[in-house]
Structures are given as C-alpha cells and as structure tokens.
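Residue strings, one per chain:
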Amino acid sequence: MENEPGPEPTWRAEWTADQFEGLRPHLRSVAYGILGSRADAEDAIQETWLRVSRTEHEDIRDLRAWLTTIVGRICLDMLRARRPRREDYPGTWLPEPIVRSADADAYDPERKTIEADAIGLAPPIVLETLNPAERLAFVLHDVFGVPFDEVGPIVDRTPAAARQLAGRARRRARTAPQPEGDLKRQRRVVDAFLAAAQDGDFDALLANLDPDVSFQLDPGPNRHAAPPTVVGAEKVARQMLRSAPFFLPYARPVLVNGAPGRLVGDPNRPSGVAGFTVAGDRIVRIDVIANPEKLKGVPLDIVDDADPIDYPDFTRVPHEPPAADDTHLRPDDTES
C-alpha cells in the first residue's frame, strides 16, 4: 500500500513559518549575544523552531517577544550545560568572531543585525566572566530591551532579582575597554600599528599601544598549548616584532565584530582572525582566534584578492619570551 500524502499545512502553520523566518535575524542576534558562538546560536534557533512548531499559540499577541523568551530559555540551558567544558578549556577562550568585508558598506542587513550590539571582541569576552543567569539578564534587558517582568521567569527569579542580576553584570561589563566609536579613527590606529610592525619600528609600535594593552591567542582545544596572555605595551610590541614576519604578508583587512581586524591566510581556509580594540586612540586589546572550529563561519567572499598560497599555521608564530641577549628587537632594551 502506497503511503498517502500528509495533511496540507494549515494557514496558521504557514503564517508562523513566515513570521519565524522574518524574525530569524533578530533571534540569531539574541542567541549570539548570549552564547558568543554562531554555531551554538544556530543550534538554539533550530531548537526554538522545533518548540514553536509543536506549540499551539493562537493567543500570542507579541510573537517577537514570545520567541525572544523561548530562545532565551534555550540559551540559558546551553550556557549551564557548557560551563564545565569551558572551565576545562586549555589556554585562552575567545568568542567565535563575526567577520565581514573591510568595506563598511559591503554587508547585508542580516549581518548588520547580528553585529548591531557587538562592537569588537571585548564585550563578549567580559560576558564569559558572568554566571549564566547574570549573562542572560544583562543581554536580554540591556542589549535587547526585554522588560525584567519577562526576564525574571526565564532565570527563575522575581523581576527585582533579575534587575539585580543585570546590575551586577552591568558593573562587570563596565570593566571592559570601551571601544572608540569612530570606525575610521580605529582603522587609522590599527593601520599605523601594523605599519610600524612591518617596518620594525619599536617606538611607533609603543605610540599606538595603551600601556596596559593585552594580547591573547585562542588556538583551540586540540592545538598545541596556548601561550599565556601578554600584558603591557613593551611586551606586546616585542611580541609583534617577533610574529609580524609570519603573518603580516598574509593578513588582509576585515571587520571583526564591527571593529578593525585582519584575516590571516587563504579565505577558503583561514588560519587566524585578529581583532583590535581601540580606545582613546590607542590599542587596548589584541585578540587572535586560530581555533579552526571557530573559523568555519568566516564567509569565503569577504576578500577578493587572495592568491592561493601555502599559508603558515598561525598558531605556530613565535610567542616565547625573548632570550636575555635578544637585543636586536630594540637596542639597549631587554626584558625586565
């Protein structure tokens, strides 16, 4: 006996699917803001759709708010499940980057929506220091404007307690460097810094670095041991002088979470993405993501002039401190 065709979708099911697709960019932005991972955000959206498609919701008055609540609950469960794994992550953990063309006008509305509240990598990095409930309350209320009356039930708290969670998270978030708002000024600082690295100009490197600048690398859990975070202008400048010959010839300008960055390697198989946080006309953070899993989401069409070159492994540029006689980096200037 032949299988009979299933029932035709009802007009309500079709309407719900259309509305969901229209809200997908917003839901992706919410999920990425909470999770810091595009892959995890897509999983959260898929789970949201599965729940929605199995639910009767004739009385829903605000579908956007309702879906935001559902994706928030799913993200909270995902945060709680992954926290033990994150604590065992070797080396430095950095968020999955959103990378697009360096041309500020060359992006589609969906990517603009994703990036609207993620300027640079520093904010999502600070979010990693929050517990899941604090993180969710802060992102939903402060970033996406969800009222505490709706946030509270998601985190199993009263609205007043949810307000306190967001307040604690807000104070922590203020410790992150506040990026310079002018993208052109950010680019000028980053370009000057990398030009100095290319020229081996130690003093020019220092001029573009904040005294407390930090440099960190996320090579991924299956790569060789990540180097410790490098902190301080002179140490970061020396690090750049050592590593510049290995990556600058293969680096192309891009935007990383809406801030200036560099894509290193063939766009078809990038070996690293560097994001720069600029504040007060100086670089305050350099974050390099070389985890292959986190680079899978990098679009392949953001760089047009990439030649097929045998690019080096970005995680293998030298990171070890210079030897005591490594004075060629700067005359009469050794490590303290």
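Please refer to the structure higher up on the page.
Residues numbered from 1 in each chain as written. Predicted model: local features only at pLDDT ≥ 70, side-chain atom pairs only at ≥ 80, totals over all residues. Heavy atoms only, no water.

## Quick notes on the pattern of salt bridges
Stage number 1. Scanning the model with the defined rule gives 11 salt bridges in all.
Stage number 2. Measuring nitrogen to oxygen at the nearest pair gives 3.1 Å for the salt bridge that ties E134 to R168. Of the two residues, E134 is situated in helix α6 (residues 132–143) and R168 in helix α8 (residues 159–173); the sequence distance between them amounts to 34 residues.
Stage number 3. Taking the relative accessible area as the measure of exposure, E134 reaches 9% and is therefore buried. (Salt bridge = Lys/Arg side-chain N within 4 Å of Asp/Glu carboxyl O. Helix = DSSP H or I, 4+ residues; strand = E, 2+ residues; numbered from the N terminus. Buried < 20%, exposed > 50% of the residue type's maximum accessible area, 1.4 Å probe, protein only.)

## Describing the environment of T48
Stage number 1. Structurally, T48 is set in helix α2 (residues 38–53).
Stage number 2. In this structure the C-alpha to C-alpha distance between T48 and I74, which are 26 residues apart in sequence, comes to 7.3 Å.
Stage number 3. Every residue in contact with T48, bar those within four places of it in the chain, is listed here: F20, L67, I70, V71 and I74. (Contact = heavy atoms within 4.5 Å.)

## Looking at the packing of aromatic side chains
Stage number 1. By the definition in use, this model includes two aromatic pairs.
Stage number 2. Geometrically, the ring pair formed by F20 and W49 is tilted, given 5.0 Å between the ring centres and 55° between the ring planes. Taken together, the positions of F20 in helix α1 (residues 11–35) and W49 in helix α2 put the pair 29 residues apart, joining distant regions of the chain.
Stage number 3. Between F193 and F276, the aromatic rings sit 6.4 Å apart at their centres with planes inclined by 65°, giving edge-to-face as the arrangement. With F193 in helix α9 (residues 183–199) and F276 in strand β6 (residues 272–279), the pair connects residues that are 83 residues apart, well separated along the chain. Here the two residues F193 and F276 agree in accessibility, since each one is buried. (Phe/Tyr/Trp six-rings, centres within 6.5 Å; stacked < 30°, edge-to-face > 60°.)

## Section: the pairing of strand β4 (residues 251–256)
Regular strands place their side chains on alternate faces of the sheet.
Stage number 1. Counting buried positions along β4 yields five of six residues, so the element is predominantly enclosed.
Stage number 2. Taking the residues between adjacent antiparallel strands as the criterion, β4 and strand β5 (residues 259–264) are bridged by two residues, where N257 takes a positive phi near 50°. (Pairing = 2+ DSSP bridges.)

## Quick word on unusual backbone geometry
Stage number 1. One non-glycine residue with positive phi stands out, namely D156, at about 60°.
Stage number 2. Overall, D156 belongs to the exposed group, its relative accessible area being 61%.
Stage number 3. Non-glycine residue D281 carries a positive phi angle of around 60°.
Stage number 4. Note on placement: D281 falls in the loop between β6 and β7 (282–289).

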